[in-house]
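Commentary on secondary and tertiary structure
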Amino acid sequence: MNLKEKFIRKDFIAMLHTLSASQKGLWGVMNAQEMVEHMSYSFRMANGKEKYELITPAENVERMQAFVMSDREFKPNTKNVLLPEIAVAAQKANMEDSIQEFKNEVEDFFAYFKNHPQAVLMNPFFGELNFEGWMALLYKHCLHHAKQFELLK
C-alpha cells in the first residue's frame, strides 16, 4: 500500500472519526458530516457509480490533468460549480453512518480498478482519468478537506 492509498484508506478515515457532525471547517459552508457525504459522492464518480460529462473546455483539459498529477494542492475555498452556494444537507442519520458510506465508496473505488485496471472514467473538471489520475485527485481532495477541518497535526 503506497502513501496515497494508506492516507485515503486508513489515515483519513481515522481522522474523520475525530470530528463531530456539526463541526465547521476553517473555510466553506459544509459541516463535517456534509463534507464526509461530499467525499462519498466524489468517490462514487471515481468508482463509476456517478457519471458526468466533461464541463471543462477541451483546450484546458491537459492543464487541468497536469494540476492533478502535480504536488500543488487545492486552495482553501476552491469553488465547485456543481455544488450550490449553501451546503447540501447530510442525508444519513448520523456521522457514523456517513463515515461508513464513505468507507464503502472508497473500497468500491479500489475494487473497481482492481477489476478494471485499464479503465478510464470521466471527471467533469479534469477529464478522463485512469487509476493513477484518480488516486492523485482523490488524495489531493482528501488532503484538502483534512486541512479544512484541521485534521493534520
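Residues numbered from 1 in each chain as written. Predicted model: local features only at pLDDT ≥ 70, side-chain atom pairs only at ≥ 80, totals over all residues. Heavy atoms only, no water.

1. A few points about unusual backbone geometry
In plain terms, the rule: Numbering of helices and strands runs from the N terminus; a helix is a DSSP stretch of H or I covering at least four residues, while a strand is a stretch of E covering at least two.
If you check the backbone angles, Asn77 has positive phi at about 65° while not being a glycine. Positionally, Asn77 belongs in the loop between α3 (61-69) and α4 (95-115). Positive phi is not limited to glycine here, since Glu150 has a value of about 55°.

2. Comments concerning the pattern of salt bridges
Short version of the rule: In the sections that follow, a salt bridge refers to a side-chain nitrogen of Lys or Arg positioned within 4 Å of a carboxyl oxygen of Asp or Glu. Think of it in three bands: with a 1.4 Å probe and only protein chains considered, a residue is buried below 20% of the maximum accessible area for its type, exposed above 50%, and partly exposed in between.
Overall, the coordinates contain 10 salt bridges when judged by the stated rule. Note that Arg9 and Glu107 form a salt bridge whose closest N and O atoms lie 2.6 Å from each other. A residue pair is termed long-range when its members are at least 10 positions apart, and Arg9 in helix α1 (residues 3-16) and Glu107 in helix α4 qualify at 98 residues. You can call Arg9 partly exposed: its relative accessible area is 23%. The class of Glu107 is partly exposed, set by a relative accessible area of 35%.

3. Section: the nonpolar core
Convention followed: Among buried residues, those of type Ala, Val, Leu, Ile, Met, Phe, Trp, Tyr and Cys that are joined through side-chain atoms within 4.5 Å constitute a nonpolar core. Any two residues having at least one pair of non-hydrogen atoms within 4.5 Å are treated as being in contact.
Phe102 and Trp134 are the most contacted members of the largest nonpolar core, which totals 42 residues. Those elements that provide at least two residues to this core are α1, α2 (32-46), α3, α4 and α5 (131-148). In terms of residue count, the dominant contributor to this core is α5 (9 residues). For Phe102, the contacting residues outside a window of four places in its chain are Phe12, Ile13, Leu16, Val36, Met39, Ser40, Phe43 and Cys142.

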